[in-house]
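Structural overview
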Amino acid sequence: MELDRESILKLFKTMATIRHFEERGIPETGQRGMSASVHSSAGQEAVATGVCANLTNEDYIGSTHRGHGHCIAKGVDPKLMMAELFGRATGPNKGKGGSMHISDMSKGMLGTNGVVGASIPLAVGAALTSKVKKLGRVAVAFFGDGASNQGVLHESMNLASVWKLPVIFCCENNGYAMSTPSEYALSTAHVADRAQGYDMPGITVDGMDVFAVYDAAAQAVARARAGDGPSLIECQTYRFYGHTVFDNPLTYRSKEEEDHWRARDPLKLFREAVLPQGDITAAELDQIEADAEALMEEAVKFADESPLPEPVELYDDVYVNYPRELLKRGVNMAV
Amino acid sequence: MTITNQTAGQLAGMHATGTREIQVREAINECLRQEMELDENVIIMGEEIAGGAGRQDQGVEDAWGGPFRTTVGLIQQFGKERVLDTPLSEAAFIGAAIGASSTGLRAVAELMFVDFIGVCMDQLVNNAAKMRYMFGGQVKVPFTMMTRIGAGFGAAAQHSESYYSIFSHFPGLKGVVPSDAYTAKGLLAAAIRDDDPVVYFEHKGLYGSVGPVPEEPYVLPLGKARTVREGTDITLVGISKMTWVCTAAAEELAKEGISCEVIDLLSVSPIDYDHINESVLKTHRLVVVDEDTPICSMASEICSRVAEEVFDYLDAPPSRVTAPHTPVPYSRAMENEYMPNESRVKTTVRNLMNR
Ligand SMILES: Cc1ncc(C[n+]2csc(CCOP(=O)(O)OP(=O)(O)O)c2C)c(N)n1
Ligand SMILES: [Mg+2]
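Residues numbered from 1 in each chain as written. Chains lettered and ligands numbered in written order. Predicted model: local features only at pLDDT ≥ 70, side-chain atom pairs only at ≥ 80, totals over all residues. Heavy atoms only, no water.

Looking now at the overall build of chain A. Counting secondary structure elements, chain A contains 11 helices and 7 strands. Expected size for 335 residues packed as a compact globule is a radius of gyration near 20 Å; at 20 Å, chain A falls within 12% of this value. Along the longest, intermediate and shortest principal axes, the C-alpha atoms of chain A span 65 × 50 × 40 Å. Residues classed as buried in chain A amount to 56% of the 335 residues present. Counting contacts in chain A only where the partners sit at least 6 residues apart, residues at least 24 apart contribute 72% of the total. When the accessible surface of chain A is summed, it comes to about 13400 Å², and 53% of that surface belongs to carbon and sulfur atoms. (Helix = DSSP H or I, 4+ residues; strand = E, 2+ residues; numbered from the N terminus. Rg over C-alpha atoms; globule rule 2.2 N^0.38 Å. Buried < 20%, exposed > 50% of the residue type's maximum accessible area, 1.4 Å probe, protein only. Contact = heavy atoms within 4.5 Å. Areas by Shrake-Rupley, 256 points an atom, 1.4 Å probe, with all protein chains shown as cover.)

Right under this line is the structure:
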């Protein structure tokens, strides 16, 4: 797949933005006492970036608890995301959702999700909307290696295959579900092997190489847009940190393993792949990183200066239509 | 205030010896260890129950010891045949634990947070709860599901719910809501030894709470509430952590001359209606404090039962302090208002006393 210079730089910009969001936003969120539900996707940037670079604003994605990268790659504003993490009213979810529920329907971002596997059928459903309404859109379901053992993935793959839906099942195999190694929990060598059982193409790609991910996704997206049905892509990747900030990963994985994957940092691999070609300079990439860093400074400031939700907003958006008074009737609420 | 061990021992109908102060987390761990020592049919499974599964050869054992470290050390003592890390497949492993329990094992399975119940609810509701009945009494299902409840951690709507009320709705299931280290140990032992399926609810906000716990194994009765504070003006019923919201409110209200009796429900199925009725006969007023949402809740169940059975003794309407009929919001600005707290309890009590 030939990418022009601008598109190549954009891949780097997206990855750098995700990296800086995680590196800055997560500790800042922790300092504000809201770290219970935050999962860093640092290390996995190439997956979200390579896949979403094939999507338009109208296409859909469903995401996971480790979803900041998916959001950014799909075009959600990091400033608004930061506000959501800080529990501010200016977040896309108005402070109701936080890290595990960031969503932005205007970007086709159907939500990060706190129940493992739960967003997979939502992406299948979005693909159904596209098919029924002849919208020409595709949907991507991102999920982890852990989620690949949930029944709902298997039912969703079968359903999407039977109905030939324009959906891409994208597994981010980072080797672990919390501390459980994927080689323990998976019956097959690769998540991609499971595609066979549902009559769809399944491939395993290097998830640290944004170009490899981009190419694999391009094929799957083309297949989906052509009406030929779903695909499964397994991206082999790694989370640089623990499951959350509370977890020390060295209790279940080795320093050598971490070093091996750190050496395959997707931003570093990008530089190694692109710079020798001479078309793009290190200075350009450095500038992109510096801009991403500066953007996070702005994002933190924006979030801190944003108002908190009013306590009574607790009752907003439970339903479209429901007697508000019944939400708290007879239970002696203070607000 | 916490219950004294003397009261606790009396409630258990036993004489407690070798008692020390330990955390809820440690009490749960000790109970699991003792029950597994006493009965080789007891096995435990769940996600991260040990952690780092399959890497013993690399020196990894017990990488997590449970998401909240309640199962730490079990795999070293009992081995991976009896302490099973599972793939992320709740429908399968909880269903399998139910199947194992109906065929000779006494399986304990952990659902990390009760919010995830949807993915495996069928196994509980249509299998665990009904097998014995549908099969005409041929099987026993001595299955325990351990799970977690509780808001207040900025964990948002899918990691903060307190869905215990729904379990009491299903005939065939039992449920317990321990509130401190003593009840955590005694009720877990009771759940494991019971021949019916029991759901055991741990509150995330109680793990570090320290209290007196006997060293030896002991069992608290399922379906029994306890009085943790005596009073004469009004009965407050607390559930899990809400019991301590009630006692804190009671302490404050005492300064205003209002004497609250506080009952710790401990069991959501069976429900100890008689214990509550008896207290209401004395106080003539009732407030139930429930962290779950209000409609068809434990709080509404208790209030309606009291209204039906001891109506003539009531001087004020049985009342509820609960979460509102909404999911749990993320931002603390909203979450702080979501949960029942002392001030809501106090306001409710004052209003009822002034009627
Ligand atoms: C249904 C369900 N079960 C358990 C959990 C607890 N949990 C949260 S993330 C996680 C591991 C997920 O692993 P994976 O799918 O590989 O994603 P990763 O964290 O590696 O990105 C678990 C067990 C959950 N959120 N939902
Ligand atoms: Mg994983």
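So, on to the domain arrangement of chain B. Residue and element names in this part refer to chain B. By domain assignment, chain B separates into domain 1 (7-214) and domain 2 (226-353). Of note, the centres of domain 1 and domain 2, computed from C-alpha atoms alone, are 27 Å apart. If you look at the interface, domain 1 gives 31 residues, while domain 2 gives 26 residues. Broken down residue by residue, the surface that domain 1 buries against domain 2 is led by Tyr164, Val177 and Ser179, which jointly contribute 22%. Applying the counting rule to domain 1 against domain 2 returns 1 salt bridge. Between Asp180 and Arg226 there is a salt bridge, and its shortest N-O distance comes to 3.0 Å. Linking domain 1 with domain 2 are 20 residue pairs in polar contact (both at pLDDT 80 or more). Residues belonging to the side of domain 1 that touches domain 2 are distributed by class as follows: 16 nonpolar, 12 polar and 3 charged. (Domains from an automatic or database assignment. Buried area = accessible area lost by both parts, 1.4 Å probe. Salt bridge = Lys/Arg side-chain N within 4 Å of Asp/Glu carboxyl O. Polar contact = N/O pair within 3.5 Å; in protein donor to acceptor, adjacent residues only side chain to side chain. Nonpolar A, V, L, I, M, F, W, Y, C, P; charged D, E, K, R; others polar.)

Our next topic: the site of ligand 1. In the neighbourhood of ligand 1, 21 residues make up the surrounding shell, with His65, Arg66, Gly146 and Asn174 of chain A together with Glu90 of chain B lying closest. In this structure, ligand 1 is bordered by residues of chains A and B. Arg66 of chain A is positioned such that a nitrogen or oxygen atom in its side chain is 2.7 Å from an oxygen atom of ligand 1. A distance of 2.8 Å separates an oxygen atom of ligand 1 from a polar atom in the backbone of Gly146 of chain A. In isolation ligand 1 offers 570 Å² of accessible surface; the protein chains occlude 97% of this area. Taken together, the residues of the shell around ligand 1 sort by class into 9 nonpolar, 8 polar and 4 charged. (Near = heavy atom within 4 Å.)

Here the focus is the sheet that holds strand 6 (residues 202-206) of chain A. All names here are of chain A. Taken together, the 5 strands give an open sheet; going across it, the order is 1-2-3-7-6, and neighbouring strands pair in parallel fashion. Looking at which strands have only one partner, the edges of the open sheet turn out to be strand 1 (60-62) and strand 6. If you compare each strand with its neighbour and ignore which way they point, the axes differ by 20° on average. In this fold helix 6 (residues 151-162) packs onto strand 2 (139-144), strand 3 (167-173) and strand 7 (231-236), with an angle of close to 150° to the strand it touches most, strand 3. (Pairing = 2+ DSSP bridges. Axes fitted to C-alpha atoms, helices over the stretch in contact; angles between N-to-C directions.)

Time to look at the pattern of salt bridges. All names here are of chain A. Taken as a whole and judged by the stated rule, the model has 40 salt bridges over all chains. Salt-bridge contacts for Arg32 lead to Asp304; the nearest nitrogen and oxygen are separated by 2.7 Å. With Arg32 in the loop between helix 1 (5-31) and helix 2 (45-52) and Asp304 in helix 11 (residues 282-305), this residue pair connects regions lying 272 residues apart in the sequence. A residue is classified by how much of its surface remains accessible, and Asp304, at 32% relative accessible area, is partly exposed. A single salt-bridge network, built from bridges that share partners, covers Arg24, Glu28, Arg32, Glu297 and Asp304.

Another aspect to go through is the packing of helix 4 (residues 90-101) of chain B against helix 5 (residues 121-128) of chain B. To characterise two packed helices, one gives the angle between the axes of the helices and the distance between these axes. Residue and element names in this part refer to chain B. One can describe the packing of helix 4 onto helix 5 by two numbers: an axis separation of 8 Å at closest approach and a directional angle of 25°. When the axes of helix 4 and helix 5 are compared, the pair comes out roughly parallel. As for the relative orientation of helix 4 and helix 5, their crossing is right-handed in sense. Facing Ala91, Gly95 and Ile98 of helix 4, the residues of helix 5 in contact are Gln123, Leu124, Asn127 and Ala128. Split into classes, the residues belonging to the contact of helix 4 with helix 5 amount to 4 nonpolar, 3 polar and no charged. (Parallel < 35°, antiparallel > 145°, perpendicular 65-115°, else oblique. Left-handed = near helix turned anticlockwise from the far one by under 90°.)

The subject of this paragraph is the environment of Thr204 of chain A. Residues and elements named next belong to chain A. Following the sequence through the fold, Thr204 ends up in strand 6. The spatial distance from the C-alpha of Thr204 to the C-alpha of Leu285 is 28 Å, given a sequence separation of 81 residues. Dropping the residues within four chain positions of it, Thr204 is found in contact with His190, Ala192, Glu234 and Gln236. At a separation of 2.9 Å, a polar atom in the side chain of Thr204 contacts the side chain of Glu234.

Next up on the list: the packing of helix 10 (residues 266-274) of chain A against helix 11 of chain A. Residues and elements named next belong to chain A. Relative orientation of the contacting elements helix 10 and helix 11 amounts to 155°, with a least axis distance of 11 Å. Put simply, helix 10 runs roughly antiparallel to helix 11. Read as a crossing pair, helix 10 and helix 11 show a hand that is right-handed. Within the contact between the two elements, helix 10 uses Leu267, Phe270 and Arg271 and helix 11 uses Ala282, Leu285, Asp286 and Glu289. Grouping the amino acids of the contact of helix 10 with helix 11 by side-chain chemistry returns 4 nonpolar, no polar and 3 charged.

Moving on, we come to the interface of chain B and chain A. Counting residues at the interface gives 44 residues for chain B, matched by 58 residues for chain A. One can count 1 salt bridge joining chain B with chain A. Between Arg55 of chain B and Glu183 of chain A there is a salt bridge, and its shortest N-O distance comes to 3.2 Å. Between chain B and chain A we count 24 residue pairs in polar contact (both at pLDDT 80 or more) in total. Sorting elements by how many residues they give to the side of chain B that touches chain A places helix 12 (residues 332-338) of chain B first, with 5 residues. Considering only residue class, the side of chain B that touches chain A consists of 24 nonpolar, 12 polar and 8 charged.

We now examine the confidence of the model for chain B. All names here are of chain B. Within chain B, residue pLDDT values average 95, and 95% of them lie at 70 or more. Under a pLDDT of 50 for its full length, residues 1-14 has, in the predicted model, 27 contacts with residues more than four places off or in other chains. As a predicted assembly, this complex carries a pTM of 0.96 together with an ipTM value of 0.96. (pLDDT = per-residue confidence, 0-100.)

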